[in-house]
Amino acid sequence: MQQRRARIVDLVLERGEATAKDLSQALAVSGATVHRDIEVLVDEKLLHRRRGVVLAPPEAQVQAILAYRLRSEMPVKIAIAQAALPYVADARTVLMDDSTTCLPLFEERCASGETVQIVTNYVRGARAIGGLPSAEVHMLPGLYNAKLDAVFGAATIEAVSKWHADVAVFSVPAVSDGRLFHLLPDSAEIKRAMIAAARTKVVLVDSSKIGRTGPHVICQAADIDVAVVDARAPAGEIQVLRDAGVEVVIVKEVNS
């Protein structure tokens with residue numbers, strides 16, 4: 001049921017809007033089932049409904065809803081995380097932001113091996129990783145955002161600046177023409193602070209986010225060292241990253 005509802009969200013987000021009949025045909029399920037799913041998704045504010053049409057929420061709202069982010073493109077996120085594992089395998093101190101793409105990476109890294117200090121603003125991430133054998137989690141201070149289950153603000157930025165990490169690992173919702181963007185100013189600010197505090201910068205980004213822009217520039221491509229993407233990423237955007245000196249790791253096609 002959850003997978004079906006996640007697929008409904010994905011379909012509406014891809015198309016911009018859809019009718020219940022469209023979704024019923026695409027998923028090969030009854031109209032009654034789709035109507036029940038839509039009711040739940042509208043109540044959860046993952047979708048909007050107007051005059052019989054189901055609509056995608058504004059992009060900023062999608063990024064701000066943790067429930068959607070946690071179940072969006074998960075097979076791709078897991079594959080990207082696995083490809084990024086070598087970049088944190090020997091790290092002793094790592095900065096991790098509130099990106100859901102990072103969770104599979106650190107869950108695997110912290111399951112065994114040498115202890116790694118993980119410094120994060122992500123409350124859910126701290127809970128998920130904190131009990132693992134090789135994790136030593138340092139929770140950053142700040143103003144709590146319940147929708148993102150993370151902390152932000154001046155206290156968070158100041159605390160990040162006091163660390164020097166081997167690696168910063170983060171994700172972004174938009175990459176275009178050699179720049180990384182975010183839709184939320186607080187999220188952009190925390191990513192910039194982590195980039196400044198780490199020796200090696202690794203961005204994890206699935207292809208649905210490449211070619212998009214946003215109102216807040218996080219950094220230039222030249223400011224990062226490694227980008228891990230999936231095989232559907234546009235070749236032109238990949239070349240722009242490489243021309244900027246970024247090591248681009250392309251994950252093989254994933255059935256999502």
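You'll find the protein chain entered in an unreviewed UniProt entry as Lactose phosphotransferase system repressor, with Saxibacter everestensis given as the organism. You can read under Function (unreviewed entry) in the UniProt record for the protein chain the words "Repressor of the lactose catabolism operon. Galactose-6-phosphate is the inducer."

1. With respect to the sheet that holds strand 3 (residues 53-55)
Backbone-to-backbone hydrogen bonds join strands into a sheet, with any given pair of strands oriented parallel or antiparallel. The three strands lie next to each other as 1-3-2, forming an open sheet whose pairing is antiparallel. Each edge of the open sheet is held by one strand with a lone partner, namely strand 1 (17-19) and strand 2 (48-50). In this sheet, adjacent strand axes meet at a mean angle of 30° when their direction is disregarded. Where strand 2 and strand 3 come together, three bridges link them in antiparallel fashion. Bridged to Arg50 within strand 3 is Val53.

2. Quick look at the side chain of Asp206
Position of Asp206 relative to the elements: it lies in the loop between strand 12 (198-204) and strand 13 (216-220). Side chain to side chain, Asp206 and Ser208 meet in a polar contact 2.3 Å long. The contact partners of Asp206, leaving out residues within four places of it in the chain, are Val76, Lys77, Ile80 and Asp230.

3. As for unusual backbone geometry
With a phi angle near 55°, Ala28 is a residue other than glycine that sits in the positive phi range. Residue placement: Ala28 occurs in the loop between helix 2 (20-27) and helix 3 (31-43). Residue classification places Ala28 among the exposed residues on the basis of a relative accessible area of 70%.

About the criteria used
Per chain, residues are indexed from 1 in the order of the written sequence. Two thresholds apply to this predicted model, a pLDDT of at least 70 for residue-level local features and 80 or more for giving and counting side-chain atom pairs, whereas whole-chain, interface and lining totals are computed over all residues. Side-chain calculation: all heavy atoms of the structure are included, whereas hydrogens and water are not. UniProt positions are given in the numbering used here, feature names are shortened, and annotations may be inferred rather than shown by experiment. Pairing between strands is defined by DSSP: at least two bridges between the two strands are required. Helix and strand assignments come from DSSP, with helices taken as H or I runs of at least 4 residues and strands as E runs of at least 2, each series counted from the N terminus. Inter-axis angles, ranging from 0 to 180 degrees, are taken between N-to-C directions of lines fitted to C-alpha atoms, where helices are fitted over the stretch in contact. Each polar contact in these results corresponds to two N or O atoms within 3.5 Å; when the atoms are within protein, one needs to be able to donate a hydrogen and the other to accept it, and residues that are neighboring in sequence are counted only if both atoms are side-chain atoms. We call two residues in contact when some of their heavy atoms are within 4.5 Å. Burial here depends on accessible area, computed with a 1.4 Å probe over protein chains only, as a share of the maximum for the residue type. Under 20% is buried, over 50% is exposed, and the range in between is partly exposed.

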